[in-house]
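# Inside the fold
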Amino acid sequence: MDKIAVLIPCYNESKTIEKVVKDFRKVLPEAVIYVYDNNSTDGTDEIAKAAGAVVRYEYQQGKGNVIRRMFREIDAQAYIMVDGDDTYPAEHAREMVDKVLERKVDMVIGDRLSSTYYEENKRPFHNFGNSLVQKSINLLFNSDIKDIMTGYRAFSYMFVKSFPVLSNGFEIETEMTIHAIDKRMFLENVVIDYRDRPEGSESKLNTYSDGMKVIFTIIRLFRIYRPFAFFGILAALLTVLAAIFFVPVFIDYLNTGLVDKFPTLIVCGFVIISAIISLFNGLLLSSIVQKNKQDFEMNLKNIYDEFMKKTNRN
């Protein structure tokens, strides 16, 4: 088992990967640096090897697929995950790792948004998207995370081996954050400097399509992790919709003693039934979620015992 593993997912980062590897080797000389190449065509893997990294491959395209492979294969007491585009300074890595090793933090979030992100990032819609995602998740999950989508994080062994990777692409950071909040993992922020990509290095993010994927991921995870709230909101909306159409029918009935709009009344009845079904779905699924949380805690105990054995601790 490594003491510290630096995990760098890469896709066509030949312009920057050498500098990233060397910077992290300088700051964390005791760490093993792993570069996972995701079908690069520009020689990223060879440059990383020459710089001293251990290079491995993931052939299913997508950052989520790369992280699934990394978390499955690498055992370490502390992990640093960073993008290979040289936007995150290595100087913060020691502080982040120390929080994992000394304070037993499960996930350290490299917070860009509280420092230089909005000045350095040249894509205005990305700024808006980061703020929207941050506020949405903090509202829906009753949290206070400063940077939801940062690619610079540190993890404990407990987090890495208990995190179920479901997303294929860049939505993975959002999924990590929500999982940690829901499972009451120990989270801390470290404010980091952010710098925009150097000239000649291009982002793999598509502002609009990847942004929509993140939004749909938030909705999906809200339904999974907070089913009673999700289906309760749906039930409330259906009830309000039924009431809007039912009130005029009811007023006509009070005035005339007749129901002239039977189709509307029937539709309102079905909408109310749907609202009731939605509410009970939320109640049922929330019981299942509670049972899953109990099972997760038991699995966490097994992971902890495994960690103690691998590190020869009593």
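Look above for the structure.
Residues numbered from 1 in each chain as written. Predicted model: local features only at pLDDT ≥ 70, side-chain atom pairs only at ≥ 80, totals over all residues. Heavy atoms only, no water.

### Describing the sheet that holds strand E1 (residues 2-10)
In plain terms, the rule: By the convention used here, strands pair only if DSSP detects at least 2 bridges between them. Put simply, DSSP H or I for four residues or longer makes a helix, DSSP E for two residues or longer makes a strand, and each gets a number counted from the N terminus. Comment: axis = line fitted to C-alpha atoms, over the contacting stretch for helices; angle = value between 0 and 180 degrees taken between N-to-C directions. The contact rule is simple, with two residues in contact once any of their heavy atoms fall within 4.5 Å.
Here we have seven strands laid out as an open sheet, ordered E3-E2-E1-E4-E6-E5-E7, and mixed in their pairing. In this open sheet, the two strands that pair with only one neighbour each are strand E3 (54-57) and strand E7 (187-191). Strand-to-strand twist in this sheet, taken as the mean axis angle between neighbours without regard to direction, amounts to 20°. Where E1 and strand E4 (residues 76-81) come together, five bridges link them in parallel fashion. Counted as the bridge partner of Ile 4 is Ala 78 from E4. Contacting E1, strand E2 (32-37) and E3, helix H2 (residues 44-51) crosses the sheet at an angle of about 155° to E3. Packing against the sheet, helix H8 (residues 172-182) makes contact with E4, strand E5 (107-111), strand E6 (153-156) and E7, and its axis sits at approximately 45° to E6.

### Details of H2
Put simply, the rule reads: The buried label applies to any residue whose accessible area, calculated with a 1.4 Å probe on protein chains only, is under 20% of its type's maximum; exposed applies above 50%, and partly exposed to all values in between. The arc refers to the directions leading from the helix axis to the C-beta atoms.
Of all the residues in H2, the buried ones are Thr 44, Asp 45, Ala 48 and Ala 51. With its buried residues spanning 125° around the axis, H2 presents them on a single face. Packing partners of the buried residues in H2 comprise E1, helix H1 (17-27), E2 and E3. Looking one or two residues beyond H2, the residue adopting positive phi is Gly 52, at roughly 110°.

### Let's talk about H8
Burial analysis of H8 places 11 of its 11 residues in the buried class, which makes it a mostly covered element. Among the residues making up H8, those that are buried are Ile 172, Glu 173, Thr 174, Glu 175, Met 176, Thr 177, Ile 178, His 179, Ala 180, Ile 181 and Asp 182. One or two steps after H8, the chain reaches Arg 184, where phi turns positive at roughly 55°.

### Some details on the pattern of salt bridges
Working definition: two side chains of opposite charge can pair if their charged atoms are close together. Selection rule: Basic side-chain nitrogens of Lys or Arg form a salt bridge, by our definition, when they fall within 4 Å of a carboxyl oxygen of Asp or Glu.
Under the defined criterion, the tally for this structure stands at 24 salt bridges. Between Asp 83 and Lys 63 there is a salt bridge whose closest N-O contact spans 2.8 Å. Taken as a pair, Asp 83 in the loop between E4 and helix H4 (93-103) and Lys 63 in helix H3 (residues 63-73) lie far apart in primary sequence, 20 residues in all. Lys 183 is the salt-bridge partner of Asp 182, the closest N and O atoms lying 2.9 Å from each other. Of the two residues examined, Asp 182 and Lys 183, each falls in the buried class. Residues joined in a network through salt bridges with shared partners are Lys 19, Asp 23, Asp 86 and Arg 195.

### Here's the deal with the packing of aromatic side chains
To keep it simple, the criterion reads: The rule is short: rings of Phe, Tyr and Trp, with Trp giving its six-membered ring, pair when the centres are within 6.5 Å, and they are stacked under 30 degrees, edge-to-face over 60, tilted in between.
With the rule as written, the count across this model stands at 13 aromatic pairs. With 5.9 Å between their ring centres and 80° between their planes, Phe 141 and Phe 222 make a pair best called edge-to-face. Of this pair, Phe 141 sits in the loop between helix H6 (124-140) and E6 while Phe 222 sits in helix H9 (residues 207-225), and the two are 81 residues apart along the sequence. For Phe 141, a relative accessible area of 2% puts it in the buried group. Accessibility expressed as a relative area gives 7% for Phe 222, which makes it buried. What links up through ring pairs into an aromatic cluster is the set Phe 24, Tyr 88, Tyr 152 and Tyr 194.

### Let's talk about the packing of H1 against H2
Going by this rule: Here the angle decides the label: under 35 degrees means roughly parallel, over 145 means roughly antiparallel, 65 to 115 means roughly perpendicular, and every other value means oblique. Left-handed is the label given to a crossing in which the near helix is rotated counterclockwise from the far helix by less than a right angle, and right-handed is the label when the rotation is clockwise.
The contact between H1 and H2 brings their axes to 9 Å, and the two run at 30°. It follows from the interaxial angle that H1 and H2 lie roughly parallel. In the crossing of H1 with H2, the sense of the turn from one axis to the other is right-handed. In this structure, H1 uses Ile 17, Glu 18, Val 21, Lys 22 and Arg 25 to contact H2, whose residues at the interface are Thr 44, Ile 47, Ala 48 and Ala 51.

### Thoughts on the pairing of E7
Covered by surrounding structure in E7 are Glu 188 and Val 190 only, the residues Leu 187, Asn 189 and Val 191 on the alternate face being uncovered. Sheet analysis places E5 next to E7, joined by five bridges and oriented parallel. Its bridge partner being in E7, Ile 109 is matched across the sheet by Asn 189.

### Observations concerning a nonpolar patch on the surface
Note the following rule: Residues form patches when they are more than 30% accessible in relative terms and have no salt bridge. Like charges link within 9 Å. Nonpolar side chains (Val, Leu, Ile, Met, Phe, Trp, Tyr) link within 5 Å. The method behind every accessible area is Shrake-Rupley, applied with a 1.4 Å probe, and residues are considered shielded solely by the protein chains displayed.
Together, Phe 128, Leu 132, Met 212, Ile 215, Phe 216 and Ile 219 give the surface a local cluster of nonpolar side chains, amounting to about 550 Å² of exposed area. For the nonpolar patch, the secondary-structure elements that each account for two or more residues are H6 and H9. Looking at which element gives the most residues to the nonpolar patch, the answer is H9, with four residues. Residue placement: Ile 215 occurs in helix H9. Ile 215 sits in the partly exposed class, given a relative accessible area of 32%.

### Quick word on the side chain of Gln 134
Rules: The term polar contact refers here to a pair of N or O atoms within 3.5 Å; inside protein, the definition further demands a hydrogen-donor-capable atom paired with an acceptor-capable atom, and it admits residues adjacent in sequence only when both atoms are side-chain atoms.
Tracing the backbone through its elements, the reader meets Gln 134 in helix H6. Separated by 3.4 Å, the side chain of Gln 134 and the backbone oxygen of Ile 145 make a polar contact. Sequence-distant contacts of Gln 134, that is, excluding residues within four places in its chain, are made with Leu 113, Ile 145, Lys 146 and Ile 148.

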